[in-house]
Amino acid sequence: MSEEELDSRIQTRKILKSGGDYGCGCLVFEGTVRVSKGWLDDTGFDKLHDALPEAELQARWGHADIGTIAVLGDLIVDGDLELSDRLMCLVVTGSLQAEHLNIHSTEVRVNGDLQARALRDHDNYLSVGGARRIG
């Protein structure tokens, strides 16, 4: 969906420091999402992006780039969540659970709670609406 459509659903302009304006498309997952390690690292992000037909993305958004991934629910990661620096933004409207969360140059918003054994937020782009349980 477009950034405008995502804003109309979850008010990204209000909840994101950037306002969610990256000039790219948004990939949206509904409900509780359970993924394994590597889901959004460089290789995993490329797999997600490449699974979508470029012509379809071009027709929908006017370009073929995904900038934001939104999980409209909880995100549970079996293992570490390493975020590719090619991903501009990750929004989780529920809670996020991962062994380790490693963020490089990606704006991350978790509306619910964050639970991880370790957190590395290199650029201080993480905002959490609920409790942070690290350790």
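Only a predicted model underlies this, so the values are computations on that prediction, with no experimental measurement involved. Within each chain, residues carry numbers counting from 1 in the order of the written sequence. The predicted origin of the model limits local features to residues at a pLDDT of at least 70 and limits the giving and counting of side-chain atom pairs to 80 or more, whereas totals for whole chains, interfaces and linings rest on all residues. Side-chain descriptors were evaluated using all non-hydrogen atoms of the structure, hydrogens and water having been removed beforehand.

Draft legend 1. Local environment of the overall build of the protein. The secondary structure listing takes helices from DSSP runs of H or I that are at least 4 residues long and strands from runs of E that are at least 2 residues long, numbered from the N terminus. A tally of helices and strands in the protein yields four helices and 11 strands. For this measure, only C-alpha atoms enter the radius of gyration; the expected value for a globule follows 2.2 Å times N^0.38, where N is the number of residues. In terms of overall dimensions, the protein is globule-like: its C-alpha atoms have a radius of gyration of 14 Å, near the 14 Å expected for 135 residues. Taken along the three principal axes of its C-alpha coordinates, the protein extends 45 × 30 × 30 Å. Should any heavy atoms of two residues lie within 4.5 Å, those residues are counted as being in contact. Across the protein, contacts joining residues at least 24 apart in sequence account for 35% of those joining residues at least 6 apart. Summing over all exposed atoms, the protein offers an accessible surface of approximately 6800 Å²; the carbon and sulfur share of this is 44%. Averaging the locations of the 14 positively and 23 negatively charged side chains of the protein gives two centres separated by 7 Å. Here the open area of atoms and residues is found with the Shrake-Rupley method and a 1.4 Å probe, where only the protein chains shown may cover a residue. Only four residue types enter the charge count, namely Lys and Arg as positive and Asp and Glu as negative; His and the chain termini do not. To locate a charge, take atom NZ for lysine, CZ for arginine, CG for aspartate or CD for glutamate.

Draft legend 2. Molecular detail of the packing of aromatic side chains. Stacked, tilted and edge-to-face are the three classes assigned to paired rings of Phe, Tyr and Trp, where Trp is represented by its six-membered ring and a pair needs centres within 6.5 Å; plane angles under 30 degrees give stacked, over 60 edge-to-face, the rest tilted. A complete count under the given rule lists one aromatic pair for this structure. Taking the centre distance of 5.6 Å and the plane angle of 65 degrees together, the rings of F29 and W39 count as edge-to-face. Separated by 10 residues along the polypeptide, F29 in strand β1 (residues 25–30) and W39 in the loop between β2 (33–36) and α3 (42–50) bring together distant segments of the chain. By relative accessible area, W39 is classed as buried at 13%. The buried label goes to any residue with under 20% of its type's maximum accessible area, the exposed label to any with over 50%, and the partly exposed label to all in between, with areas taken from a 1.4 Å probe on protein chains only.

Draft legend 3. Quick peek at the pairing of strand β9 (residues 114–121). Bridging between strand β7 (residues 96–103) and β9 involves seven bridges; their strand directions are parallel. Across the sheet, the residue bridging to N102 is R120, located in β9. A pair of strands is treated as paired once DSSP finds two or more bridges between them.

Draft legend 4. Looking closely at the nonpolar core. Take the buried Ala, Val, Leu, Ile, Met, Phe, Trp, Tyr and Cys residues and link them wherever side-chain atoms come within 4.5 Å; each set so joined is a nonpolar core. Core analysis: the largest hydrophobic core is formed by 26 residues, its most contacted members being W39, L40, I69, L75, L81 and L90. Those elements that provide at least two residues to this core are β2, α3, β3 (66–72), β4 (75–78), β6 (89–92), β7, β8 (107–110) and β10 (126–128). Per element, the largest residue contribution to this core is four residues, and it comes from β7. Not counting the four nearest positions on each side in its chain, L75 is found in contact with V33, V35, W39, L81, L90, V92, S95, L96 and Q97. Core analysis: the next-biggest nonpolar cluster, separate from the first, contains eight residues, L16, C26, A70 and C89 among them.

Draft legend 5. Geometry of the environment of A98. For A98, the position within the fold is in strand β7. Excluding residues within four positions of it along the chain, A98 makes contact with V77, G79, L81, Q115, A116 and R117.

Keep in mind these values describe shape, not function.
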